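One-letter residues, chain by chain:
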Amino acid sequence: MTLRIGFLASYNGSGMRAVVSAIDAGDLDAAPTIVISNNRDSQALLFARDRRLPHACINARRAGGEDAADADIAQTLLEAKADLVVLSGYMRRIGPRTLTAFSNRILNIHPSLLPQFGGQGMYGMRVHEAVIAAGAQESGATVHVVDDEYDHGRILAQARVPVLPGDTAETLRQRVAEQEGPLYVQVLQRIARGQLNLD
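Residues numbered from 1 in each chain as written. Predicted model: local features only at pLDDT ≥ 70, side-chain atom pairs only at ≥ 80, totals over all residues. Heavy atoms only, no water.

Caption draft 1: Structural detail: the overall build of the chain. Looking only at helices and strands, the chain has seven helices and seven strands in total. Order of helices (α) and strands (β) in the chain, N terminus to C terminus: β-α-β-α-β-α-α-β-α-β-α-β-β-α. A compact globule built from 199 residues should have a C-alpha radius of gyration of about 16 Å, and the chain, at 16 Å, falls within 12% of that. With the C-alpha coordinates of the chain rotated into their principal frame, the extents come out at 50 × 40 × 35 Å. For the chain, with 199 residues in total, the buried portion stands at 49%. A sequence separation of at least 24 residues applies to 65% of the contacts in the chain between residues at least 6 apart. For the chain, the accessible surface area stands at approximately 9,900 Å², while carbon and sulfur atoms represent 46% of it. One way to put it: in the chain the 20 positive side-chain charges average out to a point 4 Å from where the 22 negative ones average out. (Helix = DSSP H or I, 4+ residues; strand = E, 2+ residues; numbered from the N terminus. Rg over C-alpha atoms; globule rule 2.2 N^0.38 Å. Buried < 20%, exposed > 50% of the residue type's maximum accessible area, 1.4 Å probe, protein only. Contact = heavy atoms within 4.5 Å. Areas by Shrake-Rupley, 256 points an atom, 1.4 Å probe, with all protein chains shown as cover. Lys, Arg positive; Asp, Glu negative; His and termini not counted. Charge placed at Lys NZ, Arg CZ, Asp CG, Glu CD.)

In structure tokens form, the structure reads like this:
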């Protein structure tokens with residue numbers, strides 16, 4: 001059965017792009033059904049428009065509050081008949097309605113080896129700065145199921161990268177970022193083939 005994927009992205013949506021490229025190449029039996037962003041100027045929405053993918057901008061200001069935005073996101077994903085929701089640099093907390101509607105069906109990728117260097121406020125360059133400040137010898141990326149705590153849900157897969165002498169947060173970010181797209185695709189391939197049960 002072809003996996004129907006909805007995407008949530010705030011900016012570039014690089015993970016989403018990697019997944020869509022794998023679908024296009026025939027490497028992943030899936031279909032992108034909707035791209036949602038809280039940022040009307042995001043490159044993710046521009047990508048969706050260029051690819052003629054269904055897309056929507058949903059945020060608290062447009063919807064009339066966080067609860068209304070959460071309800072709109074859940075409804076939009078349900079109407080798109082998404083089987084799975086993939087977060088790609090989505091910078092908002094997932095609301096309770098969306099979590100309930102897609103329980104164990106929302107995936108995120110985090111740029112560290114969770115549970116290390118995760119939690120509220122740990123995103124983007126802050127993660128890589130913290131890894132280097134701690135003197136860690138390795139970092140990486142983690143795909144996990146989203147629950148109601150930041151970076152907390154079940155870990156599905158990790159890719160490890162060394163922290164090299166002389167690394168800056170930027171050089172480490174680049175090395176981790178190279179692993180993120182392929183790791184996301186690998187996890188989705190396992191789900192689509194029935195090799196990974198999210199329940």
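Caption draft 2: How the structure looks around the packing of helix α1 (residues 14–24) against helix α2 (residues 43–50). For the pair α1 and α2, the least separation of the axes is 10 Å and the interaxial angle reads 25 degrees. One element, α1, and the other, α2, form an angle in the roughly parallel class. Where α1 crosses over α2, the two elements pack in a sense that is left-handed. Only Gln43, Ala44 and Phe47 of α2 make contact with α1, whose side of the interface consists of Met16, Arg17 and Val20. (Axes fitted to C-alpha atoms, helices over the stretch in contact; angles between N-to-C directions. Parallel < 35°, antiparallel > 145°, perpendicular 65-115°, else oblique. Left-handed = near helix turned anticlockwise from the far one by under 90°.)

Caption draft 3: Quick peek at α2. Three or more residues of α2 are buried, namely Ala44, Leu45, Phe47 and Ala48. Axial view of α2: buried residues confined to an arc of 155 degrees, hence all on one face. On its buried face, α2 sits against β1 (3–9), α1, β2 (30–37) and β3 (55–57). Looking one or two places after α2, you find Arg52, whose phi comes out positive at around 55 degrees. (Arc of directions from axis to C-beta.)

Caption draft 4: Representation of the side chain of Ser112 in the model. Within the secondary structure, Ser112 sits in the loop between β5 (106–110) and α6 (125–133). Once residues lying within four places of it in the same chain are set aside, the contact partners of Ser112 are Phe117, Gly118, Val127, Ser139, Gly140, Ala141 and Thr142.

Caption draft 5: Structural context of the side chain of Glu180. With respect to the helices, strands and loops of the structure, Glu180 is situated in helix α7 (residues 169–192). No salt bridge is formed by the buried Glu180, whose closest oppositely charged neighbour, Arg173, lies at an N-O distance of 7.2 Å. In this structure, Glu180 is in contact with Ile109, Pro111 and Ala141, ignoring residues within four places of it in sequence. (Salt bridge = Lys/Arg side-chain N within 4 Å of Asp/Glu carboxyl O.)

Caption draft 6: α1, seen in detail. Three or more residues of α1 are buried, namely Gly15, Met16, Val19, Val20, Ala22 and Ile23. Each buried residue of α1 lies within a common arc of 155 degrees when the element is viewed along its axis, so the set occupies one face. Contact partners of the buried residues in α1: β1, β2, α2, β4 (84–88) and α7. Just downstream of α1 lies Gly26, where phi reads positive at about 80 degrees.

Caption draft 7: Looking closely at the packing of α1 against α7. Running from N to C, α1 and α7 point in directions that differ by 55 degrees, and their axes come no closer than 8 Å. When the axes of α1 and α7 are compared, the pair comes out oblique. α1 and α7 meet at a crossing whose hand is right-handed. Note on element contacts: α7 touches α1 through Gly181, Tyr184, Val185 and Leu188, opposite Gly15, Ala18, Val19 and Ala22. In the contact of α1 with α7, the residues fall into six nonpolar, two polar and no charged. (Nonpolar A, V, L, I, M, F, W, Y, C, P; charged D, E, K, R; others polar.)

Caption draft 8: Broad picture of the nonpolar core. With 61 residues, the main nonpolar core has Val19, Leu87, Leu107, Leu188 and Ile191 as its most contacted residues. For this core, the element with the highest residue contribution is α7, accounting for eight residues. Not counting residues up to four positions away in its chain, the partners in contact with Leu87 are Leu8, Ile94, Ile106, Leu107, Asn108, Ile109, Val146 and Tyr184. (Core = buried A, V, L, I, M, F, W, Y, C linked by side-chain atoms within 4.5 Å.)

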